[in-house]
Structures are given as structure tokens and as C-alpha cells.
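# Summary of structural features
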Amino acid sequence: VNFYWDSTQGFCSKIETLNAKKDVVATLEYTSVKVNAGLAAEAFSYTPPENAPVMDMAAMAQQAAADGTELIGTACPEFELTALDGTVVSLAGFKGKVMVINFWAEWCPPCKKELPVVQKLHESFAADADVALLTVTTAEADATKTFLKQEGYSFPVLLDTDSTLAQACNVM
């Protein structure tokens, strides 16, 4: 992590998160800071939708480490899913391609923040025969279509309504 101190203003103006290769993977920049400005209690509350699953991410990470289900560096599990357009898609169809698989849900705030980047990736690599960008959701088709239309997204989506692939990839 790199911290940048603005000595004229007296606060940290930028924080960079680095990966193992020392590449910057995330940057936070602050243009002003208000000390003891007072925040409403609502700023620290979130009410998930009724159908949102409750997940203990810390316990899941510990379990993955303990039982050897960490997936980094392992082959993708076999799958066969239906795309929103009705096409059946399987892992075998991507042999020899660079694959990016993004799991997302319309109720997930971090997912909503990353979807514009997913859209840009889709636009950048749609014509590249060597790259496959797969997005996977466990939501139903109608809700997914409505969400994509509202947000203006055109990337293809695979439906994993029974969470088979999500569970195989330790997403849920």
C-alpha cells in the first residue's frame, strides 16, 4: 500500500493498493477531509433485499483455505449454462481462450460498482476471438433482462439459477 501525504492540507490525499507484482490495482483519492463533520447514522446502515442470501465471507475464506478449495491457479470447473438469449454455453466451447468469469447480482452493491468496467471490457474484447468474457448471475432471466435494460448494459449473461457453478467456484 502506498500513502501520499498532502503536507499543505495536512491529510492523506491518495492511497494506492498494490498486488504482489507491485502494480497498482486500486486508488483512492481525497480532495478534502472534514474532521468530526458528523455523519448521519443512515450512512452506516444497509438493508439488503428480502431475497438476498446471508453469507459469512470470513468463514468461507477460512474454509476454502482449510479444505483446499482455494481456486487460484486451478482449472475452471466444467459447466453448462443457458445464456439470456437461450444459447447453451459450456466450458468446452472456450478451450484455448483467455477466460474472464464475473459473478454478479443486481442486489450486490460492489457488483453494481464493477459492472460499468465489465461493460467496457465487453466492448473492448467482443470482437477478439481469443478472449471470452463471461458474466454469471444466479437471478432469474426476467429480472436480469430488466436490470440490464435499465442500466444500459449489453454484455452477455449466463444464468446459474440453481447456483451450481457459483458453488463450484466458491462464490456462494
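Because the structure is a prediction, the values reported are computed rather than measured.

Criteria and thresholds
- Residues numbered from 1 in each chain as written.
- Predicted model: local features only at pLDDT ≥ 70, side-chain atom pairs only at ≥ 80, totals over all residues.
- Heavy atoms only, no water.
- Pairing = 2+ DSSP bridges.
- Helix = DSSP H or I, 4+ residues; strand = E, 2+ residues; numbered from the N terminus.
- Axes fitted to C-alpha atoms, helices over the stretch in contact; angles between N-to-C directions.
- Buried < 20%, exposed > 50% of the residue type's maximum accessible area, 1.4 Å probe, protein only.
- Arc of directions from axis to C-beta.
- Contact = heavy atoms within 4.5 Å.
- Salt bridge = Lys/Arg side-chain N within 4 Å of Asp/Glu carboxyl O.
- Right-handed = clockwise from strand over helix to strand, strands pointing away.
- pLDDT = per-residue confidence, 0-100.
- Polar contact = N/O pair within 3.5 Å; in protein donor to acceptor, adjacent residues only side chain to side chain.

## Points about the sheet that holds strand E2 (residues 11-18)
- The strand order across the open sheet formed by 3 strands is E1-E2-E3, and the pairing between neighbours is antiparallel. Strands with a single pairing partner mark the edges of an open sheet, and in this sheet they are strand E1 (2-6) and strand E3 (24-29). Averaged over all adjacent pairs, the angle separating strand axes in this sheet is 15°, with direction ignored.
- Sheet analysis places E2 next to E3, joined by 5 bridges and oriented antiparallel. When the bridges of E3 are listed, lysine 14 appears paired with glutamate 29.

## So, helix H3 (residues 141-151)
- Three or more residues of H3 are buried, namely Thr144, Phe147 and Leu148. The arc that holds every buried residue of H3, seen down its axis, measures 95°, which confines them to one face. Facing away from the buried side of H3 by over 90 degrees, the exposed positions are Asp142, Lys149 and Gln150.
- Contacts from the buried residues of H3 go to helix H2 (109-125), strand E7 (131-137) and strand E8 (157-159).

## Some remarks on the pattern of salt bridges
- The final tally for this structure, using the stated rule, is 1 salt bridge.
- The residue lysine 14 makes a salt bridge to glutamate 16 at a minimum N-O spacing of 3.6 Å.

## Digging into the sheet that holds E8
- Pairing within the open sheet is mixed, and its 5 strands lie in the order E5-E4-E8-E7-E6. A single partner strand is all that each edge strand has here, and the edge strands are strand E5 (88-90) and strand E6 (98-103). Going across the sheet, the axis of each strand differs from the next one's by a mean of 40°, ignoring polarity.
- Pairing between strand E4 (residues 80-83) and E5: 3 bridges, direction antiparallel. By the bridge assignment, leucine 81 is partnered in E5 with valine 89.

## Topic: the pairing of E7
- In terms of burial, E7 is a largely internal element, 6 of the 7 residues being buried.
- The pairing of E6 with E7 spans 6 bridges and is parallel. Counterpart to methionine 99 in the pairing with E7 is alanine 132.
- Here E7 pairs with E8 via 3 bridges, running parallel. Residue pairing for E8: threonine 135 is matched across the bridge by valine 157.
- For the crossover from E7 across H3 to E8, the handedness is right-handed.

## Brief notes about the confidence of the model for the protein chain
- Here the protein chain averages 85 in pLDDT, and 95% of its residues register 70 or above.
- When pLDDT is averaged over each element of the protein chain, E8 comes out on top at 95 and helix H1 (residues 57-67) at the bottom at 72.

## Some points on the side chain of threonine 135
- Considering the arrangement of structural elements, one finds threonine 135 in strand E7.
- Exposure remark for threonine 135: the relative accessible area of 0% places this residue in the buried category.
- A polar contact of 2.5 Å, which involves the side chain of threonine 135, links it to the backbone oxygen of proline 156.
- Once you skip the residues sitting within four places of it in the chain, threonine 135 turns out to touch Asn102, Trp104, Val118, Phe155, Pro156, Val157 and Leu158.

## A word on the side chain of histidine 122
- Relative to the elements of secondary structure, histidine 122 occurs in helix H2.
- With residues up to four places along the chain from it excluded, the contact list for histidine 122 reads Leu133, Ser154, Phe155 and Pro156.

## Here's the deal with the pairing of E2
- By the bridge criterion, 5 bridges tie E1 to E2 in an arrangement that is antiparallel. Residue pairing across strands places phenylalanine 3 opposite isoleucine 15, the latter belonging to E2.
- Here E1 hands over to E2 after 4 residues, with glycine 10 in that stretch at a positive phi of 80°.
- Taken together, E2 and the strand that follows it, E3, pair antiparallel across an intervening segment of 5 residues, in which lysine 22 is found at a positive phi of about 70°.

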